[in-house]
Every structure is written in C-alpha cells, then in structure tokens.
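Descriptive analysis of the structure
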Amino acid sequence: MIISVLTARKGSKRIKNKNIRLFNNKPIISYPIKQIIKKKIFRRNFISTDSKKIEKISKKLEIESLILRDKRLSDDNTGVIKVVKNFIQILNKKKIFPKYVCCVFPTAVFFRSLDLKKALKILKKNESIEYVFSAHQIDKSF
C-alpha cells in the first residue's frame, strides 16, 4: 500500500501560521492536498498535525485520516524523518502497514505529481533505498 502524509505543525517562527495562510485566497496547505487527492497516486492520505485549525481545513479538503502529532514532535528542532517514523509507528499500532510512505510538505504549492511518481519509481526499482527527496540546484550568485 502506498500512502501520503502531510507534516503540518502549527508553530512557525518566521511566518506565523504559514500552513494555513492564504495564497490566492486559499490556505497554502490546500494546494498539495488537492494535488494528491486529484491525481490518486496514493491509496490513503493522512495528515500529521498538532493544530485543530489545520485539522479542520484538512477534513474539508477530504484528507481521509488525521493523526494528531505529539507535542514533543512539534518543536523547531525535530526533523521530518523523526516525525514520519513516529507516524509509521502510529499506523502500525492501528494495523496499517504501508509499503511506501510519501511525505508531502504542506507548503509545497507548486509541486508536480509527476515528481512523486518519479520518486516512487526510484524506490520500487531499488529496495535498498530508504527514502528519496527532491532538490533543486540554485545559482550561487544570489
């Protein structure tokens, strides 16, 4: 089973409430949610959050399952890998055992579903790879 998880915590130091701030009159988090649901890449879609507001918006956008994140995993110092591992542990306790988990960032407004498909192809092709991520080289002259 292939599932997705959006990791959307409420605390952001630089941009307050960035996951639910409006971008073209829609909450930022709505863009990646709509993409993953519309493209039907994943069998199930989850959100890991510590915010009731994010939870409410996600439910309206048809995120099937919500997992409230423990406060100890919602600080500025906890990395996404730790959050996703905890998410998988929670799924396993619920007798859900995905083969692949795709972490989609809630502020990835312009991501392409094609990139997710390419990442899954890489994972399926080589079982020794634990994860893949997208990156973009920038011009160092800035």
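Here, every reference points to the structure presented above.
We now turn to the structure provided with this report. All of these numbers come straight from a predicted model, not from anything done at the bench.

Focus on unusual backbone geometry
- Residues other than glycine seldom take positive phi values, yet asparagine 25 does so here, at roughly 65°.
- Turning to its location among the elements, asparagine 25 is positioned in the loop between strand S2 (22-23) and strand S3 (26-27).
- We note that lysine 40 has phi near 50°; this positive angle belongs to a residue other than glycine.
- Mapped onto the elements of the fold, lysine 40 is located in the loop between helix H1 (30-39) and strand S4 (44-49).

Some thoughts on the side chain of threonine 49
- Mapped onto the secondary structure, threonine 49 falls in strand S4.
- For threonine 49, the side chain forms a polar contact with the main-chain oxygen of alanine 8, separated by 2.5 Å.
- There is a polar contact of 3.1 Å between the side chain of threonine 49 and the backbone nitrogen of serine 51.
- Setting aside anything within four residues of it in sequence, one finds threonine 49 in contact with Ala8, Arg9, Ile54, Glu55, Ile67, Leu68 and Arg69.

A word on the nonpolar core
- With 20 residues, the main nonpolar core has Leu6, Ile29, Ile36, Phe42, Ile47 and Leu116 as its most contacted residues.
- Elements represented by at least two residues in this core include exactly strand S1 (2-8), H1, strand S6 (100-104) and helix H4 (113-125).
- Once residues within four sequence positions are removed from consideration, leucine 6 is found in contact with Ile29, Pro32, Ile33, Ile36, Phe46, Ile47, Ser48, Ile63, Val104 and Pro106.
- Within the second largest apolar cluster, eight residues are counted, among which are Val5, Phe46, Ile67 and Phe87.

Structural notes on the side chain of asparagine 86
- Mapped onto the fold, asparagine 86 is located in helix H3 (residues 80-93).
- Excluding residues that lie within four positions of it along the chain, asparagine 86 makes contacts with Arg72 and Leu73.

Brief notes about a nonpolar patch on the surface
- A cluster of nonpolar side chains, Val80, Ile81, Phe105, Tyr131 and Phe133, forms an exposed patch at the surface whose accessible area comes to about 540 Å².
- Secondary-structure assignment places phenylalanine 133 in the segment after H4.
- Residue classification places phenylalanine 133 among the exposed residues on the basis of a relative accessible area of 66%.

Description of the layout of surface pockets
- The space that makes up the largest pocket amounts to roughly 1200 Å³.
- Lining the largest pocket we find 31 residues, and of these Val101, Cys102, Cys103, Tyr131 and Val132 sit closest to its centre.
- Put simply, the parts of the chain that give the lining of the largest pocket at least two residues each are H3, S6 and H4.
- By residue number, the principal contributor to the lining of the largest pocket is H4, which donates seven residues.
- For the lining of the largest pocket, the per-class residue count stands at 23 nonpolar, one polar and seven charged.
- Taken together, the elements giving at least two residues each to the lining of the second largest pocket come down to S1 and H3.
- When grouped by side-chain class, the residues that make up the lining of the second largest pocket number five nonpolar, seven polar and seven charged.

Reading the values: rules and limits
- Residues numbered from 1 in each chain as written.
- Predicted model: local features only at pLDDT ≥ 70, side-chain atom pairs only at ≥ 80, totals over all residues.
- Heavy atoms only, no water.
- Helix = DSSP H or I, 4+ residues; strand = E, 2+ residues; numbered from the N terminus.
- Polar contact = N/O pair within 3.5 Å; in protein donor to acceptor, adjacent residues only side chain to side chain.
- Contact = heavy atoms within 4.5 Å.
- Core = buried A, V, L, I, M, F, W, Y, C linked by side-chain atoms within 4.5 Å.
- Buried < 20%, exposed > 50% of the residue type's maximum accessible area, 1.4 Å probe, protein only.
- Patch = residues over 30% accessible without salt bridge, like charges linked within 9 Å, V, L, I, M, F, W, Y side chains within 5 Å.
- Areas by Shrake-Rupley, 256 points an atom, 1.4 Å probe, with all protein chains shown as cover.
- Salt bridge = Lys/Arg side-chain N within 4 Å of Asp/Glu carboxyl O.
- 1 Å grid on protein atoms, 1.4 Å probe; cavity = no way out; pocket = protein on both sides within 12 Å on 5 of 7 lines; lining within 4 Å.
- Points joined across faces, edges and corners; volume = space filled by probe spheres on them.
- Nonpolar A, V, L, I, M, F, W, Y, C, P; charged D, E, K, R; others polar.

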